[in-house]
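If you want the building blocks of each chain, they are given just below.
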Number of protein chains: 2
Amino acid sequence: MNAITIKDVAKAAGVSSATASRVLSGHPATSPASRAKVEAAAKELGFVPNAQARSLRSTKTDTIALLISDVRNPYFSDLAHAVEQQAHAEGIMTFIGNANEDSAQQDDFLAAMLSRRVDGLIMVPQGLGEDAERPSGMLQRLIASGTPVVFVDRSLAGVQVPSITASSTEALNEAIATLKHLGHEKIAFIGGPDHASTARERHRAFDAALEANGLDIDESLHFAGDFKAGSGARGARWLLDHPAAPTAVVIADAPMAIGALTVWREAGVAIGQELSVITFDEVDAMLMHDPPISTISHDLSGMGRAAVAALTAVMAGQSPEPEEFISHFTQRESLSRARTGAAKMEGTPTHES
Amino acid sequence: MNAITIKDVAKAAGVSSATASRVLSGHPATSPASRAKVEAAAKELGFVPNAQARSLRSTKTDTIALLISDVRNPYFSDLAHAVEQQAHAEGIMTFIGNANEDSAQQDDFLAAMLSRRVDGLIMVPQGLGEDAERPSGMLQRLIASGTPVVFVDRSLAGVQVPSITASSTEALNEAIATLKHLGHEKIAFIGGPDHASTARERHRAFDAALEANGLDIDESLHFAGDFKAGSGARGARWLLDHPAAPTAVVIADAPMAIGALTVWREAGVAIGQELSVITFDEVDAMLMHDPPISTISHDLSGMGRAAVAALTAVMAGQSPEPEEFISHFTQRESLSRARTGAAKMEGTPTHES
DNA sequence: TTGTATGCGTTATCAT
DNA sequence: ATGATAACGCATACAA
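Quantities reported herein were computed from a predicted structural model and do not represent experimental measurements.

J.: Hey, could you run me through a negative patch on the surface in this one?
T.: A contiguous patch of negative charge on the surface is contributed by Asp 290 and Glu 333 of chain A together with Asp 290 and Glu 333 of chain B. Tracing the chain through its elements places Glu 333 of chain B in the segment after β12 (328-330). Relative accessible area serves as the criterion here: at 51%, Glu 333 of chain B is assigned to the exposed category.

J.: What is the right way to look at the relation of the copies chain B and chain A in this model?
T.: Both copies of the chain are related by one operation, a rotation about an axis with a shift along it. Each copy superposes on the other: chain B lies on chain A with an RMSD of 0.1 Å after a rotation of 180° and an axial shift of 0.0 Å. Taken together, the rotation angle and the small translation identify this as a two-fold axis. With an isologous cut-off of 70% or more, the 100% of interface residues of chain B that recur at the interface of chain A puts this contact in the isologous class.

J.: Help me out: how do you make sense of the pairing of strand β10 (residues 294-297) of chain A in this one?
T.: It is a general feature of regular strands that their side chains alternate between the two faces of the sheet. Residue and element names in this part refer to chain A. The side-chain alternation of β10 yields two buried faces, one formed by Ser 294 and Ile 296 and the other by Thr 295 and Ser 297. Judged from the 3 bridges that link them, strand β9 (residues 276-280) and β10 form a sheet pairing that is parallel. Looking at the pairing, Phe 280 lines up with Ile 296 of β10. Pairing between β10 and strand β12 (residues 328-330): 3 bridges, direction antiparallel. Of the residues in β12, the one forming a bridge with Ile 296 is Phe 329.

J.: Sorry, what's going on with the protein's contact with DNA strand C here?
T.: The full set close to DNA strand C counts 23 residues, and Ile 6 of chain A together with Thr 19, Arg 22, Ser 31 and Arg 57 of chain B are the nearest of them. Residue Asn 50 of chain A places a main-chain N or O atom 3.1 Å away from a phosphate oxygen belonging to DNA strand C. Here a phosphate oxygen of DNA strand C sits 2.8 Å away from a polar atom, N or O, in the side chain of Ser 34 of chain B. Sorting the residues of the surface near DNA strand C by element identifies α2 (17-24) and α4 (51-58) of chain A together with α2 (17-24) and α4 (51-58) of chain B as the ones contributing at least two each.

J.: Sorry, what's going on with the protein's contact with DNA strand D here?
T.: What surrounds DNA strand D is a group of 23 residues, the closest being Thr 19, Arg 22, Ser 31 and Arg 57 of chain A together with Ile 6 of chain B. Sugar plus phosphate: this is where 62% of the atoms of DNA strand D within 4 Å of the protein reside. Between DNA strand D and Ser 21 of chain B there is a distance of 2.8 Å, counted from a phosphate oxygen to a side-chain nitrogen or oxygen. Among the secondary structure elements, those contributing two or more residues to the surface near DNA strand D are α2 and α4 of chain A together with α2 and α4 of chain B. Tallied by class, the residues present in the surface near DNA strand D amount to 9 nonpolar, 9 polar and 5 charged.

J.: Just to check I follow, could you spell out helix α9 (residues 197-212) of chain A for this structure?
T.: Every α-helix winds through 3.6 residues per turn, so residues three or four apart in the chain are directed the same way. All names here are of chain A. Taking 1.5 Å per residue as the helical rise, α9 with its 16 residues ought to reach 22 Å, and the 22 Å between its terminal C-alpha atoms agrees with that figure. Every buried residue belonging to α9 is among Ser 197, Thr 198, Ala 199, Glu 201, Arg 202, His 203, Ala 205, Phe 206, Asp 207, Ala 209 and Leu 210, and all of these are buried. Positioned one or two residues after α9, Gly 214 has a phi angle of 70°, which is positive.

J.: Please clarify how the sheet that holds strand β7 (residues 222-224) of chain A should be interpreted in this entry.
T.: Within a beta sheet, neighbouring strands are joined by backbone hydrogen bonds and run either parallel or antiparallel to one another. Residues and elements named next belong to chain A. If you trace the 6 strands from one edge of the open sheet to the other, you get β7-β6-β8-β9-β10-β12, paired in mixed fashion. Single-partner strands in this sheet number two, and they are β7 and β12. Averaged over neighbouring strand pairs, the angle between their axes works out to 15° when direction is ignored. In terms of strand pairing, strand β6 (residues 187-191) meets β7 through 3 bridges, oriented parallel.

J.: Before we go on, may I ask you to explain the pairing of strand β1 (residues 63-68) of chain A in this structure?
T.: All names here are of chain A. Taken across its 6 residues, β1 has 6 buried, putting it largely inside the fold. Of the two faces of β1, the one holding Thr 63, Ala 65 and Leu 67 and the one holding Ile 64, Leu 66 and Ile 68 are both buried throughout. Pairing of β1 with strand β2 (residues 93-98), which is carried by 6 bridges, proceeds in the parallel orientation. Bridge pairing links Leu 66 to Ile 96 in β2. As judged from the 4 bridges shared by β1 and strand β3 (residues 120-123), these two strands associate in the parallel manner.

J.: Looking at this structure, how should I read helix α3 (residues 32-45) of chain B?
T.: All names here are of chain B. With 14 residues, α3 should reach 20 Å at 1.5 Å per residue; the first-to-last C-alpha distance of 20 Å fits that figure. For α3, the complete set of buried residues consists of Ser 34, Val 38, Ala 41 and Ala 42. The buried residues of α3 occupy an angular sector of 100° when projected down its axis, which confines them to one face. Counted as exposed and oriented over 90 degrees from the buried face of α3: Pro 32, Ala 33, Lys 43 and Glu 44. On its buried face, α3 sits against α1 (6-13) and α2. A positive backbone phi angle near 70° is found at Gly 46, which sits one or two residues after α3.

J.: When you look at the pattern of salt bridges in this model, what are you seeing that I'm missing?
T.: Close approach of charged atoms allows side chains of opposite charge to pair. Residues and elements named next belong to chain A. Summed over all chains, the structure comprises 6 salt bridges over all chains. Where Asp 62 meets Lys 60, a salt bridge forms, and the shortest distance between an N and an O atom there is 3.0 Å. Assessed through its relative accessible area of 48%, Lys 60 is described here as partly exposed. Here Glu 282 and Arg 332 are joined by a salt bridge, their closest N and O atoms 2.4 Å apart.

J.: Teacher, can you tell me more about the side chain of Thr 178 of chain A here?
T.: Residues and elements named next belong to chain A. Relative to the helices and strands, Thr 178 is located in helix α8 (residues 169-181). Judged by its relative accessible area of 16%, Thr 178 is buried. Ignoring anything within four residues of it in the chain, the contact list for Thr 178 reads Phe 329, Gln 331 and Leu 335.

J.: How should I be thinking about the environment of Pro 255 of chain A in this particular structure?
T.: All names here are of chain A. Its location among the elements puts Pro 255 in helix α11 (residues 254-266). Linking Pro 255 and Ala 199, residues 56 residues apart in sequence, is a C-alpha distance of 14 Å. Beyond its immediate chain neighbours, meaning those up to four positions away, Pro 255 contacts Asn 73, Pro 74, Phe 227, Lys 228, Ala 229 and Asp 281.

J.: Just to check I follow, could you spell out the sheet that holds strand β8 (residues 248-251) of chain B for this structure?
T.: Residues and elements named next belong to chain B. The strand order across the open sheet formed by 6 strands is β7-β6-β8-β9-β10-β12, and the pairing between neighbours is mixed. One side of each edge strand has no neighbouring strand; the edge strands of this open sheet are β7 (222-224) and β12. Between one strand axis and the next, the sheet turns by 15° as a mean value, whatever way the strands run. Packed onto the sheet, helix α10 (residues 229-241) meets β6 (187-191), β7 and β8 and runs at close to 150° relative to β7. Strands β6, β8 and β9 (276-280) of the sheet are contacted by helix α11 (residues 254-267), whose axis makes an angle of about 145° with β8.

Each value, and the rule that gives it
- Residues numbered from 1 in each chain as written.
- Chains lettered and ligands numbered in written order.
- Predicted model: local features only at pLDDT ≥ 70, side-chain atom pairs only at ≥ 80, totals over all residues.
- Heavy atoms only, no water.
- Patch = residues over 30% accessible without salt bridge, like charges linked within 9 Å, V, L, I, M, F, W, Y side chains within 5 Å.
- Areas by Shrake-Rupley, 256 points an atom, 1.4 Å probe, with all protein chains shown as cover.
- Salt bridge = Lys/Arg side-chain N within 4 Å of Asp/Glu carboxyl O.
- Lys, Arg positive; Asp, Glu negative; His and termini not counted.
- Charge placed at Lys NZ, Arg CZ, Asp CG, Glu CD.
- Helix = DSSP H or I, 4+ residues; strand = E, 2+ residues; numbered from the N terminus.
- Buried < 20%, exposed > 50% of the residue type's maximum accessible area, 1.4 Å probe, protein only.
- Least-squares fit on C-alpha atoms with pLDDT ≥ 70 in both.
- Contact = heavy atoms within 4.5 Å.
- Pairing = 2+ DSSP bridges.
- Near = heavy atom within 4 Å.
- Polar contact = N/O pair within 3.5 Å; in protein donor to acceptor, adjacent residues only side chain to side chain.
- Nonpolar A, V, L, I, M, F, W, Y, C, P; charged D, E, K, R; others polar.
- Expected span 1.5 Å × (residues − 1).
- Axes fitted to C-alpha atoms, helices over the stretch in contact; angles between N-to-C directions.
- Arc of directions from axis to C-beta.

So this is what it looks like as structure tokens:
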């Protein structure tokens, strides 16, 4: 075990532990002479300061925690990467935790973080199962404890925490306008789970975009998924069986889109011809698909940077304004003109399940 | 800030801090009476033990760190998920760190971990840039310090650390045999960066499989990528321009495959007809592709579990044997009979770049 | 069973 | 500029 303490270094350097500490932690009041001796000794012995003891005394850890809801979702791993890179640039360590879309695991991580006295926390918040907007007791305590917290991607209605979120309104308006222009009127929506504020926001923005474009809102064209591939596959089958035979679909995240596109491939649906597809999250796989899928993308690295900036502001005692990023719509060949003409009135059965 | 210490709890409960400590850390020698009082007081005050101080005293943190080389690679995020779930089941917290395929960032994380006295570390090791197999000084110190370490996925030749790795030999033998059976003789390989032991292992196993199946080893059919999508795209273009016009290709990971398949789609290459494709890593996107791509997959959750098991063994003072997982080949419609006949002797130009 | 006292490794305070 | 010493929050050896 590593038993080399600052005392060992001090002894080897022939100075007091106080002087050694000052040298090693960059305190100005040190003579070049002792600085040289201490540094040499520390290097010689391979001294590594004990962060536990250090932060026990100085109540600073230079560490933040990042809690995401699903490591395996590329959306969040991109976000994690962005946060981690920005924090790294500012000399801050990031611990990444995975809530696994489970509020119990979220609480475990929060407890561990609180107990480990990280300087701050960036998290994708999660309400309790049924009561989507109510923060868990653990989360309440975390906030009450005064630990700097920033929400990213999602927010919790009643909770006063600076949040970095994304608005899909503009992008969806553009997307729906494009679809309408191509003659689509029956547009399905495969959405996320209600407990995620992003899922609700996307759903709301979708309805608003329909309305803004003079299309009817038809809740029977909405499928409630859970942001994971399996539910996307279920949504795809649901769409194929749908009596209204929608000609276009918007999918609320990439894993669901991949699940859905797999089902449609198996069913022989010609994407872009028979069915126009738009998905949230611009992942590489969407460009690999033939035809490439139109996407609504977020500025993940911007959001990551903003989250770190907001957190450092909170740590400095300020109250940063919530920030909202605008999503971006990119049209690709997965869209084409809807089949039109009189036949539509009969309800052309185009898809077989 | 959270200033509630065990003393506050003790005072509120009307006992000494020692008794409070015993109750809160589950020590047997406590009376039901004081247990009740202390627990009530702790809950009342919202007491959260300071892990820093606790582990400063007890030198145990119930925390391990997991260092992966790229959070955004689904292979590693799946692995992270597996490790994290297994550790969670054993009551151990996992901190995930991202080396970003950069040995300097790896060192930063190692230093932070060492200094923070985690109980153990599971890592995907990375040699220094040029000298792939030489561990960095930081890594050497980490190991020398006695901190329990386990390598997963990759290993470092000279370094004596228990490693959980995967063997592609069997899967590649099967894959190459299948290709040969379909008439393929010019099989290209888009490999990973030499600094990753997995990249070297896959390359070796590929060559061995060719040999075992009586095919020539032709190094000009090997393209050196870096496990990222961009290099896969470059590899795809390289293949299209290759004078030997290979009829099949094996790609060493999913991101490169996605990059490559995107280029081939743009170039109008009929996958499965003109070019047979096999890739490492069975990610959902490969099943979405039309036709679905044949894969060589690893038992990531098995490897994750094994890594945690090996680490707990090391922490218990044992020396677990290295473990090697067998990869699995799954044939899908991305393979078909090679174009045969006399025309081949002319070097049929099938691809245009 | 409980309380008192000490130490974990470091930094901050106060002298010098 | 440096050294002696207290203090951070907790767990434990020892005494009661």
